Every structure is written in structure tokens, then in C-alpha cells.
Amino acid sequence: MKITRIETFLVPPRWLFCRIETDEGAVGWGEPVVEGRAEVVRAAVDVLAEYLIGQDPLRIQDHWQVLSKGGFYRSGPILSSAVAGIDQALWDIAGKVYGAPVHALLGGALRDEVRVYAWVGGDEPAGLADEITAQVEAGFTAVKMNAAARTSPIPTLAETAAVVERVAVAREILGPGRDVAVDMHGRFGPAAARRVLQAIEPLHPLFVEEPLLPEQGHLLAALVGATSVPIATGERLYGRAEFLPALHAGIAVAQPDLSHAGGITEVHRIASLADTYGVQLAPHCPLGPIALAASLQIAFCTPNFLIQEQSRGIHYNKDADLLSYVVDTDPFRFVAGQAPRTALPGLGITVDEAAVRAADRTGHAWRNPVWRHPDGSFAEW
């Protein structure tokens, strides 16, 4: 069997899909994307495709090595994301060829369902009470929210109090039996992060995500040591080597993204590495159905898995949603906040190819907003 064609599709709201076709009719799908830089990743996939055409799609580990390390310059979000989507598609093909879900090829399932959480609040957290109540009524047992919108490098008392108030609203509605995770999105400076973590500690968040920017990893150990709140990070780390300092620093939750961190092949290894540090896995995934399907395959076979992010109803999805490009929505039928395991082969989903091709004719040019402080200087989004 040989790879004969590799295509990419720029589909709303902000995703990039990849389709790999073989001479024996097996087709695999992946989701290689950097949000806001989808077109650049598309070009990277085109370059990597030059090597893959004519190759055996089942030599996944070898292809991962060549695609990731075959160039003198390695890693980074663009290359790692291009490799990630191709890797997902190759695993999808392998599952279909062998007639088994990817999690079976990785050693078999060790759970029958995967806990998922719902996003509330958006980039400018507002209307939280109604949004959280709706998710509880939908059966979710956990939600995640942004701590704040644009934030001063050292927040005022009022800004800090507003963060605490938002988390307190969530805790009141959720009660002691459900969870709230808080995303700081790298918007707070190190001193501010310590202050906010101390203030929300009594509200018992499941974890606090990205309290520091990834380039401030050298400060992470001190922050971890200053709080009992579980610290999560990893959506902007792209391989095992980049996760190692965070694991040494004592994070509680690793959050690799299946569409950024080298795909199924690399995230499976990151999960094993994290397990040796007693760190839980909560894959980052505010993306489309293929990325989520890949994430779920990892979740089903990973012993140290904690909880899965998913994008149904997320604030980024304006023109399309998680279910817009799949034929069968059952794999994303969340019951009591859980995604059930299926025995469907490959990634376990059927992509609506006609819908994808039609969407690509429109495409998108999604960009994240650029925020500024009141004085006109750049603010972290």
C-alpha cells in the first residue's frame, strides 16, 4: 500500500483538515493547525507531503522520525502541528486497515468513557451564572473558564477581586461535587499569578491553566511551590523535551495538544513521561472533530488521563461547530459529561467529505485578537 495523495482543507471557523489517500482506497483524516496561522501550517504540510507520496502509510513511527527530524531545523508550532495532523491521518488509516480503533493499536482501552468539560465565559468572561447553569443542566460535571480578560501586569485590587468573584460564582453553582478549571492564559505576570492563586485557593479549582507564559518556564517551580492549587500547562509546548522542565517544576496536569505536539505518536510518549512524574494528562483541544477524536483515542488508553477539553458551544465557533463536518455524531454524544468509548476503526469518526470540500471553497482567515492596555501598549491575549 502506498500514499498517493495528500490534501488540506481550510474550513470555518478556524480549522485545517488533512486527508491522506492510498492506492488501495484507505483514507485517513487529520487536523494540522495553529489557530490564527492555518495557512502557514498548510504550506508546511505541502512540503512534508513531498516525502510521503509513494511511502507505505503504515510505517508511522518511521515517518514521524523523518518528518520531525529529517530537516536540520526542528520543532516549533508550525512544523510540529503539520506533523501532528499527518500523524493523526496515518493512525486513522492504520486503524481502518487493521479494523480496530487507534486505542486498541496502542495497547487497548483501560476505561469505557472519558470525562469531558465544557467552556464557559469566553475571552471576556460575562454571563457566567447562566452559562454554567446551562452546562450543568446538560449533564457536564466540570467547566473551564478564563480567569480574566485583558489584565494589568500587576492587577489592581479590583481586578483581582473580579477574578475571585467569577470563580466563586462558578463554585456556588457547581457545588462541592463538580469541578471548575481556571485558565489564566498567560495573561498575568509571575507576581500577579501568585497573588491570584492564593486568592482562589479556598475555592478548590480542579486546576489553574497557564498561570505563566511558556517562555517563563524557569519561574514555574517557584510558583508551583507557592500554592496547593494544581498547576496545568502545555498547550504551547510541542514535544517531550519541552515538557521535561515543566514536569521537573512540579506541574500537576500536562496539556499537550494532539494537533500541535506531534500528534498521537508524540502525545502518547508525553503521557508516559508525565506518568513517571505522577502528572495527569488533560489534552488541550478547543479545535475541531478530528483533533477531538484523536484526543479521545489517547484518553481511552492512557492510565494517567484526567479530563478532556472539547469545543461544543465554545466562543470561537461562529460559522461552524464540532458536529458540522462529521456524518455520525454519536462519538461526540456526551452523556452525564462523559464521552462513551466505541469500537469504530481508526479515529472512530466518519468525516463528511462533501461538507469539508464545500467549506474549503469559502475558507477562513481567522486571527486571534490583538489586545492593548489603556496606555496603548501590547497586552497578552
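Reading the values: the criteria
- Residues numbered from 1 in each chain as written.
- Predicted model: local features only at pLDDT ≥ 70, side-chain atom pairs only at ≥ 80, totals over all residues.
- Heavy atoms only, no water.
- Helix = DSSP H or I, 4+ residues; strand = E, 2+ residues; numbered from the N terminus.
- Rg over C-alpha atoms; globule rule 2.2 N^0.38 Å.
- Buried < 20%, exposed > 50% of the residue type's maximum accessible area, 1.4 Å probe, protein only.
- Contact = heavy atoms within 4.5 Å.
- Phe/Tyr/Trp six-rings, centres within 6.5 Å; stacked < 30°, edge-to-face > 60°.
- Lys NZ or Arg CZ within 6 Å of the ring centre and 35° of its normal.
- Arc of directions from axis to C-beta.
- Core = buried A, V, L, I, M, F, W, Y, C linked by side-chain atoms within 4.5 Å.
- Salt bridge = Lys/Arg side-chain N within 4 Å of Asp/Glu carboxyl O.
- Pairing = 2+ DSSP bridges.
- Axes fitted to C-alpha atoms, helices over the stretch in contact; angles between N-to-C directions.

Chemist: What am I meant to see in the overall build of the chain here?
Modeler: Across its full length, the chain holds 12 helices and 14 strands. Expected size for 381 residues packed as a compact globule is a radius of gyration near 21 Å; at 20 Å, the chain falls within 12% of this value. Summarising its shape, the C-alpha atoms of the chain cover approximately 65 × 45 × 45 Å along the three principal directions. For the chain, the proportion of its 381 residues judged to be buried stands at 58%. The contacts in the chain between residues at least 6 apart in sequence include a share of 71% that link residues at least 24 apart.

Chemist: Please clarify how the packing of aromatic side chains should be interpreted in this entry.
Modeler: Taken as a whole, this structure holds nine aromatic pairs when the rule is applied. When the centroid spacing of 5.8 Å and the interplanar angle of 35° are considered together, the rings of phenylalanine 9 and tryptophan 29 count as tilted. With phenylalanine 9 in strand β1 (residues 3–11) and tryptophan 29 in strand β3 (residues 27–30), the pair connects residues that are 20 residues apart, well separated along the chain. Considered together, phenylalanine 9 and tryptophan 29 belong to a single accessibility category, that of buried residues. A ring pair is formed by tryptophan 15 and tyrosine 325, whose centres lie 6.2 Å apart and whose planes are at 75°; its orientation type is edge-to-face. Here tryptophan 15 is found in strand β2 (residues 15–22), whereas its partner tyrosine 325 is found in the loop between β11 (308–309) and β12 (338–340), with 310 residues between them in sequence. The buried category is assigned to tyrosine 325, whose relative accessible area is 6%. Among the aromatic residues, ring-to-ring pairing joins Trp15, Phe17 and Tyr325 into one connected group. Its end group placed over the ring of tyrosine 316, arginine 14 keeps NZ or CZ at 3.8 Å from the ring centre. Residue placement shows arginine 269 over the ring face of tryptophan 64; its charged tip is 4.4 Å from the ring centre.

Chemist: What exactly am I supposed to notice about helix α7 (residues 190–200) here?
Modeler: Since one α-helical turn is 3.6 residues long, residues separated by three or four positions face the same way. All of the buried residues along α7 are Ala192, Ala193, Val196, Leu197 and Ile200. Buried positions in α7, seen along its axis, are confined to an arc of 130° and lie on one side of it. Looking at the buried residues of α7, the elements they touch are α6 (157–174), β7 (208–209), α8 (220–225) and β8 (231–233).

Chemist: Would you take a moment to explain the nonpolar core for this structure?
Modeler: For soluble globular proteins, nonpolar side chains are generally found buried alongside one another. Counting 110 residues, the largest nonpolar core has Phe17, Ile20, Ile86, Phe188, Ile264 and Phe332 as the members making the most contacts within it. Discounting residues that sit within four places of it in the chain, isoleucine 264 has contacts with Asp87, Gln88, Trp91, Val102, Leu106, Leu258, Ala294, Ile298 and Leu347. Grouped together as the second largest cluster of nonpolar side chains are nine residues, Tyr117, Leu206, Phe207 and Ala232 included.

Chemist: Would you mind showing me how to read the pattern of salt bridges here?
Modeler: For the structure shown, the criterion picks out 19 salt bridges. Two residues, glutamate 21 and arginine 5, come together in a salt bridge whose shortest N-O distance is 2.9 Å. You can see glutamate 21 sitting in strand β2 and its partner arginine 5 sitting in strand β1, a full 16 residues away along the chain. Exposure remark for arginine 5: the relative accessible area of 38% places this residue in the partly exposed category. Two residues, lysine 144 and glutamate 309, come together in a salt bridge whose shortest N-O distance is 3.4 Å. Of this pair, lysine 144 sits in strand β5 (residues 142–146) while glutamate 309 sits in strand β11, and the two are 165 residues apart along the sequence. The same class applies to lysine 144 and to glutamate 309, which are both buried. Residues participating in the shared-partner salt-bridge network are Arg5, Glu7, Arg19, Glu21, Glu353 and Arg357.

Chemist: Where do I start with the sheet that holds β1 in this structure?
Modeler: As a general point, the strands of a sheet are linked pairwise by backbone hydrogen bonds and lie either parallel or antiparallel. Taken together, three strands build an open sheet; the order of strands is β1-β2-β3 and the sheet is antiparallel. Each having just a single partner strand, β1 and β3 make up the two edges of the open sheet. Ignoring strand direction, the axes of neighbouring strands in this sheet form an average angle of 20°. Relative to β3, β2 runs antiparallel, the two being bridged by four bridges. Each residue of the ladder has a partner; that of cysteine 18, found in β3, is glycine 30. Docked against the sheet, helix α3 (residues 76–98) engages β1, β2 and β3, running at close to 145° with respect to β3. Packing against the sheet, helix α12 (residues 353–362) makes contact with β1, β2 and β3, and its axis sits at approximately 60° to β1.

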